[in-house]
Amino acid sequence: MDTKDRKYNFRQIEQKWRDNWEKAPINTDKTRPKFYCLDMFPYPSGSGLHVGHWRSYVISDVLARYKLLQGHYVIHPMGFDAFGLPAENYAIQNNVHPEAAVKESAKLFKRQLEDICAMYDWDMELSTTDPSFYKWTQWIFVQMFKKGLAYEKEMPLNWCPACKVVLANEEAAGGECERCGAPPEKKNLRQWMLKITEYGERLLVDLDKLKWPEKVKKMQADWIGKSYGAKIDFEIDGRDDNITVFTTRPDTLFGATFMVLAPEHALVKELTTSENLASVEKYIQDAGALSNVDRMAKKDKTGVFTGAYAINPLSGEKLEVWISDYVLADYGTGAIMCVPGHDERDFEFAKKFGLPILEVISLDGELHELEEAYTGDGVMVNSGEFNGLPAVDGKEAVAGHLAKLGIGEKTVNYKLRDWVFSRQRYWGEPIPLIHCDACGIVPVPEADLPVTLPHVDSYQPTDTGESPLALIDDWVNTTCPTCCKAAKRETNTMPQWAGSSWYFLRYVDVNNDAELISKEAMEKFLPVDYYVGGIEHAVLHLLYARFYTKFLYDIGVVNFEEPFTQLFNQGMVNRFGMKMAKSKGNGVSPDGLIDKYGRDALRLYILFLGPPELDVDWNDNGIEGVFRFLNKLWRLVAENVGKTVATTPELEQARHKMIHDISTRMENLTLNTVVSGFMEHTNKLTDMARSGGIDADTLRDMIILLAPYAPHIAAELWETCGYTTSVFDATWPTYDKEKMAESTITIVVQMNGKLRENIQMAAEATKEEVLAAAKASVAARLEGTIIVKEIFVPGKLVNFVVK
RNA sequence: GCCCAAGUGGCGGAAUUGGUAGACGCACAGGACUUAAAAUCCUGCGCCCCUUAAAGGCGUGCCGGUUCGAUUCCGGCCUUGGGCACCA
């Protein structure tokens, strides 16, 4: 140590241990029980890492190293999600080929990731753009195709005019392109879809198994959107076909006074009478031109009457059939029964167009003039034989009655739609299908995978809805694998989510060319135990990855149905009121801080900023305090090594308390309080060392506890203390509750709940002794009062209730 | 509109099961060491009353409740952030 400025030489120490660990890696014993601690892998951009990126990587690394010290073999890999629009857009902006840009960026990222000093196993490194990886991304698609889960469909889709690409529903949530924020347009396109809806129920039910933040589970459950109700057939007046509706309120069926179909509904053209045809056609045309955002933003309900009538199956009333864009074509049956008395939207529509409003649910059983839709509880009225029945029971009763009549049945509905899986961009995995005039659509044989992405100079996206790959004749033209005649390749590519939906399976068997993953590796190392990343993927990546895993389970590739047992979402790092990002000019580079305070100090400071799950505002000021702490701790060891004293009961008590505090806070992942705990205990131990000396056991355990957080200084101090094996080969110390108990405890004395005195008592003092001492301490105050009640909380406090 | 978080000193934040509110750190002020500075060490640091001290009072967004005792539990509100949003 340089005694002149009493600061430890972090530059020299950190370099020394970085070199050492490169030569002799830690965490190599694969015979230990595994713990798979995964970071959401980044897409490599050319702008590099800022301290916001560090946050999640430090959190997961602390956890990984903690598990290592607890005796696990820790799988802690890192890779690059390099296909997709972010990488392609970056390349276009900088006028380089995506392949070159990705290579360059990955190199920069890797160097910056190494600065964090996370114990990534770079032997497992993967990139989604590597043909040996996307061979299996394509293989999974082929399996889905063979199982009928991938299908082609022409339908109106969300098209982002800025990104020049279609969006999945998940990517267009909230009426904004998930990537660029532009409002998507509607465009009729032929696209490849994945039947994620077939897994909707399992994706919903299995959420219960997961140790995930409730918020994320709820977002997924809401996205899947299961609702219980009934399908009901309404006879069309004068025709022998029906309009089928889905409703969650069969109990209000008597109150259905009109019907509305989505403009796109198949029956609309057939039903419309000749005198209404012109207005209906105009309405359909106008509705079709509206984007989803405009459609949602409309303040007023609009609609037109078709001229047709349906019959309410219970009341027998004739109901006008209207069309309106407030009914969605792709949810339920695309048609609804309208109960204006008990549905706000139907009420608004009925008011505007003068349609009848009937009360059929009443809270008090009486009849009222409805000023607005009543959506609460009550009993059925105006409902014939069902009158007087509570609405909650009415749902079952009416649905059962309709089922007996053969015109309805109980059913469930989901908001989840199939996944639009093809993209009109160059930089993605080619979809491995071949279009043959004779054989139809044929998957590329597995032996011919991967279908490699051809290297071209012109990869700019087009407005046509076609991929740039369509322009490459010698790639598009091929032969049919079945009949050997001339055929054409599918030119769409996969979305950026394809690789990330399964990458976590591949790390542990990254070089396997014969299968996606060997059974042995799968059974030994999977699934992921702990997954750390941002909340922005709550319904995108995390839903897709669950879907893929369930599919791979079904075809026997993996033996588990959920990929990520536990999930942690770290909060964002903000600066100037917004998320830190290079593009916004508010990014803080770690480089200067590393140079001034070192990697260990920066790791600790990022944790110290605030609770890991909450957003924090960045400021540079506090890192000074963390740096002072590291120096203090350095001096504590340096000044006492070689002259440690024999363990005393006080030292043993302090040591067990320290292990307890750090361990429980680590387990709870309240990592900001772990750092303050280190400071607290270091301060205490420094005082104890000065007054009576410190023992070797305490120093040893303190260094082990610190190792996950500040690995370099811990390794150096460990060596200073004379240990010859790595600190990461040590075992996480355990504590004994009895040994951490203090011999003297502070008892709080209250009167009427207000603090009056603190008294020191021996830990083993009896209730009577404590009460007597407490009474004595407040004797003067008790004069002239009557003690009504004595509250005694063992080891904590005494409260006298007096009059 | 619906749902979910959060609200504590000048600042970031802490408080295990309802039991001393403000740990730890930053900033600030005073002191020691030093020719001086840096570094380090010591002391103080919620607000009010008071020359000071003692004693007292108030205090965890607001109003109320339960309790011997509430940052913690319950009811009602306010503010901020996030999610969903014509899903019948």
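Not measured: the values here are computed from a predicted model. (Residues numbered from 1 in each chain as written. Chains lettered and ligands numbered in written order. Predicted model: local features only at pLDDT ≥ 70, side-chain atom pairs only at ≥ 80, totals over all residues. Heavy atoms only, no water.)

S.K.: Explain the protein's contact with RNA strand B to me, using residue names and the numbers behind them.
M.R.: Taken together, 50 residues lie around RNA strand B, and Thr248, Lys301, Arg345, Arg628 and Asn799 are the ones closest in. Considering RNA strand B, the proportion of its atoms within 4 Å of the protein that are sugar or phosphate atoms stands at 62%. Interatomic distance of 2.5 Å between a side-chain N/O atom of lysine 301 and a base oxygen of RNA strand B. Tyrosine 326 places a main-chain nitrogen or oxygen 2.8 Å from a sugar or linking oxygen of RNA strand B. In terms of residue count, the dominant contributor to the surface near RNA strand B is helix H22 (residues 671–692) (seven residues). Residue composition of the surface near RNA strand B, grouped by class: 17 nonpolar, 14 polar and 19 charged. (Near = heavy atom within 4 Å. Polar contact = N/O pair within 3.5 Å; in protein donor to acceptor, adjacent residues only side chain to side chain. Helix = DSSP H or I, 4+ residues; strand = E, 2+ residues; numbered from the N terminus. Nonpolar A, V, L, I, M, F, W, Y, C, P; charged D, E, K, R; others polar.)

S.K.: So what's going on with the sheet that holds strand E22 (residues 573–575)? Residues and values would help.
M.R.: As summarised here, the arrangement of the three strands in space is E23-E22-E24, forming an open sheet in which the pairing is mixed. The open sheet terminates on both sides in strands that have one partner only, identified here as strand E23 (578–579) and strand E24 (616–617). Two elements, E22 and E23, share two bridges in a ladder whose sense is antiparallel. Looking at the pairing, asparagine 574 lines up with lysine 579 of E23. (Pairing = 2+ DSSP bridges.)

S.K.: Give me the nonpolar core: which residues, what numbers.
M.R.: By size, the foremost hydrophobic cluster in this structure holds 184 residues, and its most contacted members are Phe141, Trp419, Leu516 and Trp618. Residues in contact with leucine 516, not counting those within four places in the same chain, are Trp136, Trp139, Ile140, Trp502, Leu505, Arg506, Leu552 and Val557. Residues Leu261, Ala287, Val339 and Ala391 belong to the second largest nonpolar core, which totals 35 residues. (Core = buried A, V, L, I, M, F, W, Y, C linked by side-chain atoms within 4.5 Å. Buried < 20%, exposed > 50% of the residue type's maximum accessible area, 1.4 Å probe, protein only. Contact = heavy atoms within 4.5 Å.)

S.K.: So, the sheet that holds strand E15 (residues 419–420): which residues are in play, and what are the values?
M.R.: Across a sheet, strands are paired by hydrogen bonds formed along the backbone, either parallel or antiparallel in direction. Taken in spatial order, the four strands line up as E4-E3-E5-E15 in an open sheet, and their pairing is antiparallel. The two strands at the open ends of the sheet, each matched to only one other strand, are strand E4 (165–167) and E15.

S.K.: For helix H21 (residues 649–667), give the residues involved together with the corresponding values.
M.R.: For H21, built from 19 residues, the straight-helix expectation of 27 Å at 1.5 Å per residue is met to within 8% by its first-to-last C-alpha distance of 27 Å. Those residues of H21 that sit buried are Leu651, Gln653, Ala654, Arg655, His656, Met658, Ile659, His660, Asp661, Ile662, Ser663 and Met666. Those residues of H21 hidden inside the fold are in contact with helix H2 (51–69), H22, helix H23 (696–706) and helix H25 (737–740). Directly beyond the C-terminal end of H21, a positive phi value near 60° is found at leucine 669. (Expected span 1.5 Å × (residues − 1).)

S.K.: Go over the packing of aromatic side chains, please, and point to the residues and values.
M.R.: Applying the stated criterion across every chain yields a total of 45 aromatic pairs. Here phenylalanine 141 and phenylalanine 421 contribute two aromatic rings whose centre-to-centre distance is 5.8 Å and whose plane-to-plane angle is 10°, an arrangement assigned as stacked. Note that phenylalanine 141 is positioned in helix H5 (residues 131–146) and phenylalanine 421 in the loop between E15 and strand E16 (433–436), a separation of 280 residues in sequence. Comparing phenylalanine 141 with phenylalanine 421, the two get one shared label, buried. (Phe/Tyr/Trp six-rings, centres within 6.5 Å; stacked < 30°, edge-to-face > 60°.)

S.K.: Just give me the short version of unusual backbone geometry, but keep the residues and values in it.
M.R.: Of note, the amide linkage connecting leucine 449 to proline 450 takes the cis form, showing an omega dihedral of 0°. Note the cis peptide between leucine 526 and proline 527, where omega equals 0°. Notably, cysteine 484 is not glycine yet its phi reads approximately 65°, a positive angle. Mapping cysteine 484 onto the fold places it in the loop between strand E18 (477–479) and strand E19 (486–489). Given a relative accessible area of 60%, cysteine 484 falls into the exposed group.

S.K.: Can you break down helix H19 (residues 599–608) residue by residue, with the values?
M.R.: Extensive coverage of H19 is indicated by the burial of nine of its ten residues. Looking at H19, one finds that the buried residues are Arg599, Asp600, Ala601, Leu602, Arg603, Leu604, Tyr605, Ile606 and Leu607.

S.K.: Could you give me a rundown of the environment of valine 339, with the residues and numbers involved?
M.R.: Relative to the helices and strands, valine 339 resides in the loop between strand E11 (335–338) and helix H11 (344–353). Relative accessible area serves as the criterion here: at 5%, valine 339 is assigned to the buried category. Aside from chain neighbours lying at most four places away, what touches valine 339 is Thr252, Gly255, Ala256 and Asp346.

S.K.: Mind laying out the packing of H23 against helix H24 (residues 711–720), listing which residues take part and the relevant values?
M.R.: One way to put it is that H23 packs onto H24 with a least axis distance of 8 Å and a crossing angle of 155°. Of the possible angle classes, the one that applies to H23 and H24 is roughly antiparallel. Between H23 and H24 lies a crossing of left-handed hand. Contacts between H23 and H24 pair Arg700, Ile703, Ile704 and Leu706 from the former with Ile713, Ala714, Leu717 and Trp718 from the latter. Across the contact of H23 with H24, the residue classes tally to seven nonpolar, no polar and one charged. (Axes fitted to C-alpha atoms, helices over the stretch in contact; angles between N-to-C directions. Parallel < 35°, antiparallel > 145°, perpendicular 65-115°, else oblique. Left-handed = near helix turned anticlockwise from the far one by under 90°.)

S.K.: Provide a residue-level description of the environment of methionine 494, including the pertinent values.
M.R.: Here methionine 494 lies in the loop between E19 and helix H14 (497–500). In this structure methionine 494 comes out as buried when scored by relative accessible area, which is 3%. Sequence separation between methionine 494 and glycine 428 is 66 residues, and the spatial gap between their C-alpha atoms is 5.6 Å. Residues within four places of methionine 494 in sequence aside, it is in contact with Thr137, Gln138, Phe141, Phe421, Arg423, Gly428, Glu429, Pro430, Ile431 and Pro432.

S.K.: Can you break down the pairing of strand E17 (residues 440–443) residue by residue, with the values?
M.R.: Where E16 and E17 come together, four bridges link them in antiparallel fashion. Bridge pairing links histidine 435 to isoleucine 441 in E17. Linkage of E16 to E17, two consecutive antiparallel strands, is achieved through a turn of three residues.

S.K.: Can you lay out the environment of aspartate 61 for me, pointing to particular residues and giving the numbers?
M.R.: You can see aspartate 61 is positioned in helix H2. On the accessibility criterion, aspartate 61 (0% relative accessible area) is buried. Along the chain, aspartate 61 and alanine 772 lie 711 residues apart, while their C-alpha atoms are 52 Å from each other. Beyond its immediate sequence surroundings of up to four residues, aspartate 61 is in contact with His76, Cys117, Ala118, Met119 and Arg603.

S.K.: Give me the packing of H19 against H22: which residues, what numbers.
M.R.: Axis separation between H19 and H22 bottoms out at 7 Å; the angle between their running directions is 120°. The angle between the axes of H19 and H22 places the two elements in the oblique class. Along its contact with H19, which presents Leu604, Leu607 and Phe608, the element H22 presents Leu671, Asn672, Val675, Ser676 and Met679. For the contact of H19 with H22, a count of residues per class yields six nonpolar, two polar and no charged.

S.K.: If you had to explain the pairing of strand E8 (residues 258–261) to someone new, which residues and values would you point to?
M.R.: Neither face of E8 is open: one carries Phe258 and Val260, the other Met259 and Leu261, and all of them are buried. The pairing of E8 with strand E10 (residues 318–323) spans four bridges and is classified as parallel. In the strand pairing of E10, phenylalanine 258 is matched with glutamate 320.

S.K.: Break down the pattern of salt bridges for me, citing the residues and quoting the values.
M.R.: Within this structure, the stated rule accounts for 46 salt bridges. Between arginine 599 and aspartate 115 there is a salt bridge whose closest N-O contact spans 2.8 Å. One end of the pair, arginine 599, is in helix H19; the other, aspartate 115, is in helix H4 (residues 98–116), and 484 residues separate them in sequence. Since its relative accessible area comes to 11%, arginine 599 is described here as buried. Across the salt bridge formed by lysine 218 and aspartate 222, the nearest N and O atoms sit 3.0 Å from each other. Of this pair, lysine 218 and aspartate 222 both sit in helix H7 (residues 214–224), four residues apart, roughly one helical turn. One network of salt bridges, with partners in common, ties together Arg202, Asp206, Lys209, Arg546, Lys550, Asp554, Glu561 and Glu562. (Salt bridge = Lys/Arg side-chain N within 4 Å of Asp/Glu carboxyl O.)

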